[in-house]
Structure formats: C-alpha cells, structure tokens
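Each chain, letter by letter, is given below.
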Amino acid sequence: MLTEIKKAAKEVGITVIIAESDKNINDQLANIVRQESLPLALSSWDLKVDLEFDENGHLKNPTVDVTLLLIDKAEDLLRANLEAKAEEMGNLFIRFIRNLKRHLIENTNVKENPITGISFTYVPSFGNGKHSGVLSTFKIQMNLEC
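Quick caveat: nothing in here was measured; it's all calculated off a predicted structure.

Q: Go over the overall build of the chain with me, naming the residues and quoting the values.
A: The number of helices and strands found in the chain is 3 helices and 6 strands. Along the chain direction, N to C, the helices and strands of the chain fall in the order α-β-α-β-β-β-α-β-β. Residues counted as buried form 38% of the 146 residues belonging to the chain. Across the chain, contacts joining residues at least 24 apart in sequence account for 67% of those joining residues at least 6 apart. A total of about 8500 Å² of accessible surface is found on the chain, and carbon and sulfur atoms cover 49% of it.

Q: Mind laying out the packing of aromatic side chains, listing which residues take part and the relevant values?
A: Evaluation of the coordinates by the stated rule reveals 5 aromatic pairs. Centroid distance Phe93 to Phe96: 6.0 Å. Interplanar angle 50 degrees. Geometry classified as tilted. Of the two residues, Phe93 and Phe96 both sit in helix 3 (residues 79-107), 3 residues apart, roughly one turn of that helix. In terms of burial, Phe93 and Phe96 fall into one category: buried. Considering the side-chain rings of Phe120 and Tyr122, the 5.3 Å spacing of their centres and the 85 degrees angle between planes classify their relative orientation as edge-to-face. Looking at Phe120, the relative accessible area reads 28%, which means it is partly exposed.

Q: Explain the packing of helix 1 (residues 2-11) against helix 3 to me, using residue names and the numbers behind them.
A: With their axes 9 Å apart at the nearest point, helix 1 and helix 3 run at an angle of 125 degrees to one another. Classified by the angle their axes make, helix 1 and helix 3 are oblique. Along this stretch, helix 1 crosses helix 3, giving a crossing that reads as right-handed. Seen from helix 1, the contacting residues are Glu4, Ile5, Lys7, Ala8, Ala9 and Glu11; seen from helix 3, they are Phe96, Asn99, Leu100, Arg102, His103 and Leu104. By residue class, the composition of the contact of helix 1 with helix 3 is 6 nonpolar, 2 polar and 4 charged.

Q: Describe the environment of Glu20, naming the residues involved and giving the relevant values.
A: Residue position: Glu20 is located in the loop between strand 1 (15-19) and helix 2 (25-35). Through-space distance from the C-alpha of Glu20 to that of Ser44 is 6.2 Å; in sequence the pair is 24 residues apart.

Q: Which residues make up the pairing of strand 2 (residues 40-44), and what values go with them?
A: The buried fraction of strand 2 amounts to 4 of the 5 residues, a majority that puts the element mostly inside the structure. Both strand 1 and strand 2 contribute to a ladder of 5 bridges, which runs parallel. Looking at the pairing, Ile18 lines up with Ser43 of strand 2. Both strand 2 and strand 4 (residues 63-72) contribute to a ladder of 4 bridges, which runs antiparallel. Following the sheet pairing, Ala41 is matched in strand 4 by Leu70.

About the criteria used
Along each chain, the written sequence defines residue order, and numbers are assigned to residues from 1. Since the coordinates come from a predicted model, pLDDT governs what is reported: local features require at least 70, and pairs of side-chain atoms require 80 or more to be given and counted, while whole-chain, interface and lining totals use all residues. Side-chain numbers come from the whole structure's heavy atoms, not from hydrogens or water. Think of it this way: any DSSP run of H or I at least four residues long counts as a helix, any run of E at least two long counts as a strand, and we number them from the N terminus. Accessible area is worked out with a 1.4 Å probe on protein chains only. A residue is then buried under 20% of its type maximum, exposed over 50%, and partly exposed in between. The contact rule is simple, with two residues in contact once any of their heavy atoms fall within 4.5 Å. The Shrake-Rupley method, run with a 1.4 Å probe sphere, supplies the accessible areas, and residue values consider only the shown protein chains as cover. Think of it this way: a Phe, Tyr or Trp ring, Trp meaning its six-membered ring, pairs with another when their centres are within 6.5 Å, and the plane angle makes it stacked under 30 degrees, edge-to-face over 60, tilted otherwise. To get an axis, fit a line to the C-alpha atoms, keeping to the stretch in contact for a helix; angles then go from 0 to 180 degrees between the N-to-C directions. Orientation categories follow fixed angle ranges, with anything under 35 degrees roughly parallel, anything over 145 roughly antiparallel, 65 to 115 roughly perpendicular, and all other angles oblique. Crossing chirality is assigned from the near helix's rotation relative to the far helix, an anticlockwise turn below a right angle marking it left-handed and a clockwise turn marking it right-handed. In this classification, Asp, Glu, Lys and Arg are treated as charged, Ala, Val, Leu, Ile, Met, Phe, Trp, Tyr, Cys and Pro as nonpolar, and every other residue, Gly included, as polar. Should DSSP find at least two bridges between two strands, the strands are regarded as paired.

Pasting the structure below:
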C-alpha cells in the first residue's frame, strides 16, 4: 500500500517520505527538507490496517487510514504567499488522489471505491521552516493477494 502511494505521488511530482512516529515531526521535517526536493509528503509508518469479513465469510480488501502532510516552501513568509502555496498544494493533493485512485484500479484487485473519506485542511504555515501545504486524511483499500 505504501508502495502504491509512493508510485502515484511520484507520477505527479511528489516525493513521499515515511516519517518515524516516535520522533518529533519538526525535527524530522528539517532533516528531510535538506535531503529531499520539494514538494514532499510525509506519512507515518505506523498505519492501522482494518480487516473485515463479508456476509459470505470471505475476507474483504483490508483498509488503511492514512494521514498525509503535503508541503512546499513559499517564496517568502508573507501571509499571502504562504496561503497561495497552501492552495497550490491543495490542488496538487487533488491531482495526487485522482492519480492514486486510477493507479489502484489499474494495478490491484481494488475496483470500486478504492479511496474513501478524503479530506484535507490547509496549513499555510507548518513547522519551524514555515512550510505551506495541506494535512490530509483518507481511507485506502489495500490489494488482497490471497
């Protein structure tokens, strides 16, 4: 599932980094931004997977709740530029989520509603580096291989 997210993100120009949940996100972000090109998305590595059986006793595709922070850097710290960059990241997130849906349908056994509960919040100023972007949540169906 993380592989699918990374592939779909890369196709629209986003680098996905899996953050360590037991470390301060601001410290991780500062280190990551020095090493990776923007825009980038951070996701936690401790993703909760839900399993459920259908009425016939067959295992349904597992679902995962994903929280993703998509950020870039505005030209400067003027409020208007921070807000504009956040809106730009919102549009990029929408392109990413559309691409992820297409990718899942074409490359996995998930054919209907592969992504549900999609939402995001604009975050015009995040962290010590004052990055701008969106904080998103969505539920994704994983491929069921067995």
